[in-house]
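The lines below spell out each chain.
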Amino acid sequence: MLKSARDLFINPIQHQKQIFIYLFSSVLFIFVPQLPPSDWKLNTIGLFENFLSVYQNPNYVYPPWALIPLCLYRLIGSEGARILSVITIGLLCQQKRWSLFRFFTIVLSPFFLVTMTKSNIDILSYVLPVVIWEKFQQPSRYQFLMQVLAIYILLIKPQGALLLLPFLLITYRVPIKRIFLLGIVILILTVPISLISQPPFLFQWLENILNPSPQNKFYWGLNNISITSKSYAIEGILVIVALVMILFFLAKKGILTWSKDHWISSLLFLSMVFSPYTSQQSLSSSLAFIPSWFSFLYQLIIVLVLSGTDFYFNYLSFLILSIFIISLITFKADKRSHEEEQ
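A short tour of the structure in this document, coming up. Since the structure is predicted, the reported quantities are computational estimates derived from the model, not experimental observations.

**A short note on the overall build of the protein**
Here is step 1: The secondary structure content of the protein amounts to 20 helices and zero strands.
Here is step 2: Against the globule reference of 20 Å for 342 residues, the protein gives a C-alpha radius of gyration of 20 Å, in line with a compact fold.
Here is step 3: Along the first, second and third principal axes, the C-alpha atoms of the protein reach 65 × 55 × 45 Å.
Here is step 4: When contacts within the protein are restricted to residue pairs at least 6 apart in sequence, long-range pairs at least 24 apart make up 79% of them.
Here is step 5: A total accessible area of about 17,100 Å² is found for the protein, and carbon and sulfur atoms account for 71% of it.
Here is step 6: Side chains of the protein carry 24 positive and 14 negative charges; the gap between the two charge centres is 7 Å.

**What to know about the pattern of salt bridges**
Here is step 1: Under the counting rule described, the total for this entry stands at four salt bridges.
Here is step 2: One salt bridge in this structure joins Glu134 and Lys96, with 2.9 Å as the shortest N-O distance. Residue Glu134 is located in helix H8 (residues 122-135), and its partner Lys96 is located in helix H5 (residues 77-96); the two are separated by 38 residues in the primary sequence.
Here is step 3: With relative accessibility at 8%, the residue Lys96 sits in the buried group.
Here is step 4: One salt bridge in this structure joins Lys96 and Asp261, with 2.5 Å as the shortest N-O distance. In this pair, Lys96 is assigned in helix H5 and Asp261 in helix H15 (residues 260-274), connecting sequence segments 165 residues apart.
Here is step 5: Look at the salt bridges and you will find they share partners, linking Lys96, Glu134 and Asp261 into a network.

**A short note on the packing of H5 against helix H6 (residues 100-107)**
Here is step 1: Between H5 and H6, whose axes approach to 10 Å, the crossing angle comes to 145 degrees. Where H5 crosses over H6, the handedness of that crossing is right-handed. For the pair formed by H5 and H6, the contact residues are Val86, Ile89, Gly90 and Cys93 on the first element and Phe103, Ile106 and Val107 on the second.
Here is step 2: Class assignment of the residues belonging to the contact of H5 with H6 gives a composition of six nonpolar, one polar and no charged.

**Quick look at the nonpolar core**
Here is step 1: Ranked by internal contacts, the top residues of the largest apolar core, which has 90 residues, are Ile89, Phe103 and Phe112.
Here is step 2: Those residues in contact with Phe112, other than ones at most four positions away along the chain, are Phe29, Val86, Ile89, Ile106, Val107, Ile123 and Ser284.

**Focus on H15**
Here is step 1: Between its first and last C-alpha atoms H15 spans 21 Å; for 15 residues at 1.5 Å apiece the expected length is 21 Å, and the two agree.
Here is step 2: The element H15 is largely enclosed, with a buried count of 12 among its 15 residues.
Here is step 3: Regarding H15, the residues found buried are Lys260, Asp261, His262, Ile264, Ser265, Ser266, Leu267, Leu268, Phe269, Ser271, Met272 and Val273.

**Quick word on a nonpolar patch on the surface**
Here is step 1: Residues Phe20, Phe24, Val27, Leu28, Ile30 and Phe31 make up a contiguous nonpolar surface patch of about 610 Å² in total accessible area.
Here is step 2: Judged by relative accessible area, Val27 falls into the partly exposed class, the value being 38%.

**Considerations on the environment of Pro37**
Here is step 1: Tracing the backbone shows Pro37 in the loop between helix H2 (16-28) and helix H3 (39-44).
Here is step 2: The partly exposed category is assigned to Pro37, whose relative accessible area is 22%.
Here is step 3: Considering only alpha carbons, one finds Pro37 and Lys118, 81 residues apart in sequence, at a separation of 7.1 Å.
Here is step 4: If sequence neighbours within four positions are ignored, Pro37 has contacts with Leu42, Lys118 and Tyr219.

**So, the packing of aromatic side chains**
Here is step 1: Tallying each qualifying case throughout the model produces 19 aromatic pairs.
Here is step 2: Between Phe20 and Phe24, the aromatic rings sit 5.9 Å apart at their centres with planes inclined by 20 degrees, giving stacked as the arrangement. One end of the pair is Phe20 and the other is Phe24, both in helix H2 and four residues apart, which spans about a single turn.
Here is step 3: Residue classification places Phe20 among the exposed residues on the basis of a relative accessible area of 54%.
Here is step 4: Members of the aromatic cluster, joined through ring pairs, are Phe9, Tyr22, Phe101, Phe103 and Phe104.

**Regarding H5**
Think of an α-helix as turning once every 3.6 residues; residues three or four places apart then point the same way.
Here is step 1: Helix length check: H5, at 20 residues, gives a terminal C-alpha distance of 28 Å against a target of 28 Å (1.5 Å per residue), a fit within 8%.
Here is step 2: The buried fraction of H5 is high, at 14 of 20 residues.
Here is step 3: Residue Arg97 follows H5 closely and has a positive phi angle near 60 degrees.

**Observations regarding unusual backbone geometry**
Note on backbone geometry: most residues besides glycine have negative phi, and most peptide bonds are trans.
Here is step 1: Cis rather than trans, the peptide bond between Pro36 and Pro37 has omega equal to -5 degrees.
Here is step 2: A cis amide bond links Gln198 to the next residue, Pro199, at an omega of -5 degrees.
Here is step 3: With respect to the helices and strands, the residue Pro199 is situated in the loop between helix H11 (176-194) and helix H12 (201-210).
Here is step 4: Its identity is not glycine, yet Ser119 carries a phi of approximately 50 degrees, on the positive side.
Here is step 5: Along the polypeptide, Ser119 turns up in the loop between helix H7 (110-117) and H8.
Here is step 6: One non-glycine residue, Arg173, lies in the positive phi region at around 50 degrees.
Here is step 7: Structurally, Arg173 can be placed in the loop between helix H10 (161-171) and H11.

**What about the packing of H5 against H8?**
Here is step 1: Remark: H5 packs on H8, axes separated minimally by 10 Å, with the N-to-C direction vectors making an angle of 35 degrees. Note on packing geometry: the crossing formed by H5 with H8 is left-handed. For the pair formed by H5 and H8, the contact residues are Ala81, Leu84, Ser85, Thr88, Ile89, Leu91, Leu92, Gln95 and Lys96 on the first element and Ile123, Leu124, Val127, Leu128, Val130, Val131, Glu134 and Lys135 on the second.
Here is step 2: When the residues that make up the contact of H5 with H8 are grouped by side-chain class, the tally is 11 nonpolar, three polar and three charged.

What counts and what doesn't
Per-chain numbering applies: the sequence of each chain, read as written, is numbered from 1 onward. Totals for whole chains, interfaces and linings use every residue, but because this is a predicted model, local features are given only for residues with pLDDT of at least 70 and side-chain atom pairs only at 80 or more, for both listing and counting. To obtain the side-chain values, all non-hydrogen atoms of the structure were included, while hydrogens and water were left out. Strands here are runs of E lasting at least two residues and helices are runs of H or I lasting at least four, both read from the DSSP assignment and numbered beginning at the N terminus. We compute the radius of gyration from the C-alpha atoms alone; for a globule the expected value is 2.2 Å times N to the 0.38, where N is the number of residues. The criterion used for residue contact is that any of the two residues' heavy atoms lie within 4.5 Å. Surface exposure here means Shrake-Rupley accessible area, sampled with a 1.4 Å probe, where a residue is shielded only by the protein chains that are shown. Residues scored as positive are Lys and Arg, those scored as negative are Asp and Glu, and His as well as the terminal groups of each chain are ignored. Throughout, a charge is located at the NZ atom of Lys, the CZ atom of Arg, the CG atom of Asp or the CD atom of Glu. Just to be clear on terms, a salt bridge is a Lys or Arg side-chain nitrogen sitting within 4 Å of an Asp or Glu carboxyl oxygen. The rule is simple: take the accessible area with a 1.4 Å probe, protein chains only, and divide by the maximum for that residue type; under 20% is buried, over 50% is exposed, in between is partly exposed. With axes taken as lines fitted to C-alpha atoms, and helix axes fitted only over the stretch in contact, angles between N-to-C directions fall between 0 and 180 degrees. By the definition used in this description, the sense in which the near helix is turned from the far one sets the handedness, with an anticlockwise turn below a right angle giving left-handed and a clockwise turn giving right-handed. Under this grouping Gly is polar, as are all residues other than the nonpolar Ala, Val, Leu, Ile, Met, Phe, Trp, Tyr, Cys and Pro and the charged Asp, Glu, Lys and Arg. Definition of nonpolar core: a set of buried residues of the types Ala, Val, Leu, Ile, Met, Phe, Trp, Tyr and Cys, connected through side-chain atoms within 4.5 Å. Under the convention used throughout, the expected extent of a helix is 1.5 Å for every residue step, that is, one less than its residue count. Patch members must show over 30% relative accessible area and no salt bridge, and they are joined within 9 Å when carrying like charges or within 5 Å when they are nonpolar side chains of Val, Leu, Ile, Met, Phe, Trp or Tyr. Each Phe, Tyr or Trp ring, with Trp reduced to its six-membered ring, pairs with another whose centre is within 6.5 Å; inter-plane angles below 30 degrees give stacked pairs, above 60 give edge-to-face pairs, and intermediate values give tilted ones.

Everything listed here is a matter of coordinates, which is why it stays silent on function.
So this is what it looks like as structure tokens:
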């Protein structure tokens, strides 16, 4: 019996009992306490009540084409957002042939739990599109539709898609003709809604981005993992460049096994740290692709020892970078999946 329970947690997720465990675990996230300010509340206020004037709220900074998905985000409620986020991680683990142990290293990790205390949309906007894309990587009658859906969801927070989207198109050898058709459909989904209202939503959005409200200025300064927004931006960029060179050398020598998951996580992370603003919560999306127990413990130490201190907030970008590098190095890709990539 003990061996059976052990096998349930260390074997790849594929059986009904394992799927039930991650589905049941997702429901338990209904009870995760919420910390102010709630990202779900901040990003859904006014969507139904005053849709055409949503950007009159200077705190609103999601792009116009994200408004429809955000309406769905509001409909499912903050509890639904948390449940779907955990299910997304379960689907990711099942797709990658990871174990329930890996699943729990993700959903119980400190930064993922912080994301859930805000009912943040990042797991749904960054991880779910990759799950959909990889699920429909083989030609099928639904592939085009699913690729459109994946790109559209990814563009809810476009700062994270800058490097990841080209990678997905190139890695999965999407034909030029298909890319062109995808581009046309995405334009149809993004341009018309951006021109609604007077002045157009697009201009109102840019105004809120370029001239942030006092509330956004406060949170963008306090909760920002971006290297380029800090006073030590040059030093930070040099450190990242040096680390990239070291990682490239280790991978080239075979000391570090570099997988597709390493690429996805790295490109997401680089997009985040080089964009003007990325919250701590977004880190959980990048880390979801490279889970390890060592990373879990390191996150726990950082949060328990340093969070809430001046050092933590003054050097947040470097602490986040250290967590990411630890995760990147200690993550071991599934052997079968890695062999398939070669």
